[in-house]
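Residue-level structure breakdown
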Amino acid sequence: MTQESAPQQPFDGPPLSLEEELAAARAEPEPAPSIETVNESLKDGLNRCPKCGGTDVQLRGSTGNLVCLFCRHEWQEARVEEEFGLGEGIDQLEGTVIASGAQRIQADVADVLTFECEACGAEVVVDTAHALNARCHWCRHTLNVNKQIANGAVPDAVLPFRLTKDEAVEKIRGFASKRRLFAHKRFKAEFVPENVLGVYLPYLVIDARAESEYWGKAEVETRRWTEKQGDKSVTYYAADVYRISRKVAFTVDDLTIEGAADRADMGSGTTNNIVNSVLPFDTKNAVRWNASYLVGFTSEKRDLDVENLGPTLEDQLLSIGRSQVQPTLGRFDRGVRWEQEKVDVGGSRWVSMYLPVWLYSYRQESNGLLHYIAVNARTGETMGSIPVSKPRLLLAALTVGTVLEGVAAAILVATS
C-alpha cells in the first residue's frame with residue numbers, strides 16, 4: 001500500500017521579510033474611493049486643519065487654497081477628477097451611477113438641523129436652506145454640514161472661487177458701462193459694489209455614453225432660374241429630395257446641468273437664467289467637498305433630482321449628436337430637416353457640484369423685474385440684464401433713423 005504525498009509547491013526563493021512584505025503591499029495600487037459613498041468619511045461637523053487640528057478655516061481667494069487662521073497652514077483638497085477617476089471609463093458606463101451628493105432629496109426632512117459641536121459640546125443650529133455652516137457661539141469654531149444629510153444639501157465636490165470681489169466688481173462695472181447709453185438712470189445712480197455677493201450654485205456634472213439616431217429629409221439643388229413677374233424678378237430652384245437617416249455613438253465628459261428649478265423658470269419675474277450664459281466652468285479642477293470653502297460666501301441648495309433632469313440630459317445629448325453627424329451632410333446644399341430623433345443613454349454618472357458665481361441684483365421698480373449680472377468666478381466671463389430707459393431707447397432709434405434718412409438723401413443727391 002502506497003501513501004500519496006501532497007503536491008510540492010514550486011520554490012520561489014527565500015520567504016520575504018516583514019519589511020519586504022510591507023513594501024510590496026504599499027506598492028500595490030489602492031482602489032479608488034467609491035463615488036456612491038464619497039461623503040461617508042466626513043463624520044463630525046468640523047473641518048480641521050491637517051497640520052494643527054484647528055477649525056477656523058477659510059478660503060484664500062488669491063490662491064484657491066484653504067488657510068488655517070490659527071497656524072496659517074495652506075492646503076487644497078484633492079481634485080475629484082483623479083481621486084474618483086471621473087475622467088475614466090466613460091465609454092464603459094452601464095446604467096445610472098449616482099454619487100452620494102446627487103442622491104434623491106428627501107422632502108420630508110426639515111431644513112433646520114441641530115448639530116453638536118465636536119469641539120465644546122454645545123448645540124448649534126444650521127439652517128441648510130440658506131447655509132451649510134455656522135459658528136459655535138461658545139468656542140467660535142466653525143461647524144460645517146459635512147456628512148451627507150438626508151435632505152440632499154451636501155454636494156460631492158466644490159470648485160473654489162478664483163476671482164476676488166474687487167475683480168468681480170470691476171467686471172460688473174465694465175459690463176454696465178458699455179451699456180450706459182440705454183441704461184435706466186436709477187440703475188446707474190444706485191450701483192452699490194457692496195451688493196455684489198459671492199454664491200455657490202448647485203449643478204449636476206454628468207459623464208455619459210449614448211447613441212442617437214435621426215430621420216428626416218434632405219435636398220440637393222439641381223437647377224436655379226429667375227423669371228420676370230411685372231416689375232419684380234423672382235428666383236426659383238429645383239431640388240432632389242432624399243430620405244436620410246444618421247446614427248452616431250459618442251461619449252460626453254462633464255456635461256453641466258443646473259440643479260435648481262427656479263433658474264429654469266423663464267416666467268419667474270427674474271433674469272437669473274442668465275447664470276447659465278457664463279458657462280463653462282473648469283470643472284476638471286473641482287476638489288473634494290469641504291464646507292470650509294463656503295466660509296464668507298452664500299450658497300443655494302439643490303432641489304432637482306436625477307430623475308427630474310433625465311429629459312434635460314436627453315435633449316442635450318440629442319443636440320450633441322446632431323453636431324456629431326453634421327459633417328456628413330455637406331452634399332445636401334439645400335439643408336436637412338430632421339423629422340424624428342431618439343437617444344439611447346447606455347450609461348451615465350452623476351456628481352453633485354457647487355460652482356462659484358459673483359452676482360449683482362437690481363429690482364426695477366416700474367415693473368418689479370429683478371435683474372442680475374453674473375460673473376463666472378473662475379474665468380471672469382460676465383453676462384447680465386440691465387433695466388433699459390425707454391425714452392433713451394426711443395431717442396436712439398429716432399436718431400439712428402434720422403441719420404439713415406440723411407445718408408440715403410445724400411446718396412440720392414450724389415447720384416442724381
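Note: the structure precedes this text.
Described in the following lines is the structure provided in the data block.

Our next topic: the overall build of the protein chain. When helices and strands are counted, the protein chain shows six helices and 16 strands. A total of 416 residues make up the protein chain; the buried ones form 39% of that total. Here the protein chain displays about 23600 Å² of accessible surface, and carbon together with sulfur accounts for 52% of that area.

In this section: the sheet that holds strand S2 (residues 65-68). Reading across the sheet, the three strands line up as S1-S2-S3 and stay open at both edges, with antiparallel pairing between neighbours. Edge strands, defined here as strands with exactly one partner in the open sheet, are strand S1 (57-60) and strand S3 (74-75). Both S1 and S2 contribute to a ladder of four bridges, which runs antiparallel. Across the sheet, the residue bridging to Leu-59 is Leu-66, located in S2.

The next point concerns the packing of aromatic side chains. Using the criterion set out here, one finds eleven aromatic pairs in the structure. Ring geometry for Phe-297 versus Trp-358: centroids 6.0 Å apart, planes at 65°, classification edge-to-face. Of this pair, Phe-297 sits in the loop between strand S12 (287-288) and strand S13 (298-299) while Trp-358 sits in strand S14 (residues 336-363), and the two are 61 residues apart along the sequence. We classify Trp-358 as buried; its relative accessible area is 5%. Pairwise contacts between aromatic rings join Phe-161, Tyr-200, Trp-289, Phe-297, Tyr-354 and Trp-358 into one cluster. A cation over a ring is seen here: Arg-331 above Tyr-242, with NZ or CZ 5.1 Å from the ring centre. The ring of Tyr-237 has Arg-334 lying over it, and the distance from NZ or CZ to the ring centre is 3.5 Å.

Let us look at the pairing of strand S10 (residues 197-229). Pairing of S10 with S14, which is carried by 22 bridges, proceeds in the antiparallel orientation. Considered in S14, the bridge of Tyr-214 is made with Glu-341. Pairing of S10 with S13 involves two bridges; the strand directions are parallel. Residue Val-199 lies in a different strand from S13, and its bridge partner there is Thr-298. Counting the residues that bridge the hairpin from S10 to strand S11 (residues 232-258) gives two residues, and of these Gly-230 lies at a positive phi of roughly 65°.

Here helix H5 (residues 306-325) is 20 residues long and its end C-alpha atoms lie 28 Å apart, about the 28 Å a rise of 1.5 Å per residue gives. Those residues of H5 that fall on the buried side of the exposure criterion are Val-306, Leu-309, Leu-313, Leu-317, Leu-318, Gly-321 and Val-325. Looking at the packing, one finds that the buried side of H5 touches strand S4 (95-98), S10, S11 and S14.

The end-to-end C-alpha distance of helix H3 (residues 165-177) is 18 Å, a good match for the 18 Å that 13 residues give at a rise of 1.5 Å each. Of all the positions in H3, only Ala-168, Val-169, Ile-172, Phe-175 and Ala-176 are classed as buried. For H3, the angular spread of the buried residues around the axis is 130°, confining them to a single face.

Turning to the state of the cysteines, a few remarks are in order. Enumeration according to the criterion identifies zero disulfides in this entry. Counting only cysteine sulfurs, Cys-71 is the nearest neighbor of Cys-52, a cysteine outside any disulfide, at a range of 3.6 Å. Unpaired in this structure, Cys-68 has its nearest cysteine sulfur neighbour in Cys-52, at a distance of 3.6 Å. Judged by its relative accessible area of 0%, Cys-68 falls in the buried class.

Structurally, the position occupied by Cys-52 is in the loop between helix H1 (18-27) and S1. Of the residues examined, Cys-52 reaches a relative accessible area of 36% and is grouped as partly exposed. Sequence spacing of Cys-52 and Cys-68 is 16 residues, and the spatial spacing of their C-alpha atoms is 8.6 Å. Residues within four places of Cys-52 in sequence aside, it is in contact with Cys-68, Phe-70 and Cys-71.

Attention now moves to unusual backbone geometry. A cis amide bond links Leu-279 with the next residue in sequence, Pro-280, at an omega value of 5°. Tracing the backbone shows Pro-280 in the loop between S11 and S12. With a phi close to 70°, Arg-72 is a non-glycine residue in the positive phi region. At Asp-254, a position not held by glycine, the phi torsion is positive, near 65°. Relative to the helices and strands, Asp-254 resides in strand S11.

Definitions and cut-offs
Residues numbered from 1 in each chain as written. Predicted model: local features only at pLDDT ≥ 70, side-chain atom pairs only at ≥ 80, totals over all residues. Heavy atoms only, no water. Helix = DSSP H or I, 4+ residues; strand = E, 2+ residues; numbered from the N terminus. Buried < 20%, exposed > 50% of the residue type's maximum accessible area, 1.4 Å probe, protein only. Areas by Shrake-Rupley, 256 points an atom, 1.4 Å probe, with all protein chains shown as cover. Pairing = 2+ DSSP bridges. Phe/Tyr/Trp six-rings, centres within 6.5 Å; stacked < 30°, edge-to-face > 60°. Lys NZ or Arg CZ within 6 Å of the ring centre and 35° of its normal. Expected span 1.5 Å × (residues − 1). Contact = heavy atoms within 4.5 Å. Arc of directions from axis to C-beta. Disulfide = S-S within 2.5 Å.

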